[in-house]
Amino acid sequence: TFACMTAKFFSWFIEKKLSFLLNKKRDNILDNIFLESIGRPIGLAVLSIGIYISTTPLFIVFPDNAREYYGRVCLAIFATAIAWALYRLVSVIDLLLQRLAHQTNSNIDDMIVSVIRRTLKTVIFIVSAMFIGQNILKLNITAVLAGAGVAGLAVAFAAQDTIANFFGSIMIILDRPFKINDRINIGGGTDGIVEHIGFRSTRVRTLDGHLVSIPNKKLADTEIENITARPFIKRTTNITVTYDTHPDKMQRAI
């Protein structure tokens with residue numbers, strides 16, 4: 001009970017009281033998000049330490065293997081708290097990247113921020129689960145990884161078109177041949193205004209009003225003419241005059 005109360009106090013102090021004290025000196029959204037991200041994980045870490053310390057006097061009645069397993073469980077809870085804090089701290093990085101992305105007029109930067117946020121969370125979750133299971137709880141993760149690898153190959157083979165479109169969108173994000181509201185000509189066929197750039201396809205509004213969805217894997221391998229990016233408009237005009245035009249009129253015309 002004391003360990004639970006201590007953990008709740010630490011969480012409340014970090015999320016509420018410490019945030020209030022910092023805001024009296026400055027108004028920083030990053031500080032609030034940071035403290036909210038680590039408040040509950042720190043409470044969980046304190047709870048794991050409190051439970052372990054409070055049950056230490058009872059170790060004399062536990063068998064050796066029970067004490068070892070109990071210590072691993074408490075350590076796993078502590079490691080989970082750290083992983084949880086890292087998972088929640090991704091929101092701080094996300095806010096910083098969003099501020100940079102909002103300085104541009106392209107939604108491609110917003111897409112990059114979304115990819116980075118999801119990738120970081122996925123990596124933290126997978127690495128933390130593998131580390132806690134393999135190194136702390138001494139579970140056999142190798143067999144699980146082998147099964148996941150076989151299943152991953154099957155899924156990759158079945159969804160190869162989707163994967164190709166995803167990597168095509170990555171190439172568009174990195175190369176940036178066009179952006180939203182640009183007029184483009186794709187392979188000498190589709191000519192129109194870009195309305196949306198997604199992870200599977202790009203939507204283009206043609207000059208006659210039709211909305212065309214083009215797979216990104218096709219865009220990555222097709223010649224794209226960005227008409228909006230031209231520095232100027234060149235027009236060739238052929239002006240003809242008759243042979244009996246007076247030289248003075250020709251000079252005036254020139």
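Treat the numbers as computed from the prediction; the structure is a model and nothing was measured.

Conventions used here
Residues numbered from 1 in each chain as written. Predicted model: local features only at pLDDT ≥ 70, side-chain atom pairs only at ≥ 80, totals over all residues. Heavy atoms only, no water. Pairing = 2+ DSSP bridges. Helix = DSSP H or I, 4+ residues; strand = E, 2+ residues; numbered from the N terminus. Axes fitted to C-alpha atoms, helices over the stretch in contact; angles between N-to-C directions. Contact = heavy atoms within 4.5 Å. Expected span 1.5 Å × (residues − 1). Buried < 20%, exposed > 50% of the residue type's maximum accessible area, 1.4 Å probe, protein only. Arc of directions from axis to C-beta. Salt bridge = Lys/Arg side-chain N within 4 Å of Asp/Glu carboxyl O.

## Brief notes about the pairing of strand β4 (residues 211–215)
Alright, step 1. As paired elements, strand β3 (residues 201–206) and β4 share five bridges and run antiparallel to each other. Bridged to T202 within β4 is I214.

## A look at the sheet that holds strand β5 (residues 224–226)
Alright, step 1. Here we have five strands laid out as an open sheet, ordered β4-β3-β2-β1-β5, and antiparallel in their pairing. With one partner strand each, in any of the chains shown, β4 and β5 form the two edges of the open sheet. If you compare each strand with its neighbour and ignore which way they point, the axes differ by 40° on average.

## Some points on the side chain of D94
Alright, step 1. Examined against the element boundaries, D94 turns out to sit in helix α3 (residues 64–101).
Alright, step 2. Not counting chain neighbours up to four residues away, the residues in contact with D94 comprise V113 and R117.

## A short note on helix α6 (residues 160–175)
Alright, step 1. Here α6 is 16 residues long and its end C-alpha atoms lie 22 Å apart, about the 22 Å a rise of 1.5 Å per residue gives.
Alright, step 2. Listed in full, the buried residues belonging to α6 are N165, G168, S169, I172 and I173. End-on, the buried residues of α6 take up no more than an arc of 140°, which puts them together on one face. Of the residues in α6, the exposed ones pointing more than 90 degrees away from the buried face are F167, L174 and D175.
Alright, step 3. In the segment just after α6, R176 is the residue with positive phi, at about 55°.

## Section: the pattern of salt bridges
Alright, step 1. In the structure shown here, the tally under the stated rule is four salt bridges.
Alright, step 2. Across the pair D191 and R183 runs a salt bridge whose closest N-O atoms are separated by 2.9 Å.
Alright, step 3. Residue R205 is joined to E195 by a salt bridge in which the shortest nitrogen-to-oxygen separation is 2.9 Å. One end of the pair, R205, is in strand β3; the other, E195, is in strand β2 (residues 190–197), and 10 residues separate them in sequence.
Alright, step 4. Take R205: its relative accessible area is 30%, and that puts it in the partly exposed class.

## Remarks on unusual backbone geometry
Where the residue is not glycine, phi is negative for most of them; where a peptide bond is considered, it is trans in most cases.
Alright, step 1. Despite not being glycine, R176 shows a phi value in the positive range, around 55°.
Alright, step 2. Structurally, R176 can be placed in the loop between α6 and β1 (183–186).
Alright, step 3. Not every positive phi belongs to a glycine, and N181 is a case in point at roughly 75°.
Alright, step 4. Tracing the backbone shows N181 in the loop between α6 and β1.
Alright, step 5. Of the residues examined, N181 reaches a relative accessible area of 58% and is grouped as exposed.

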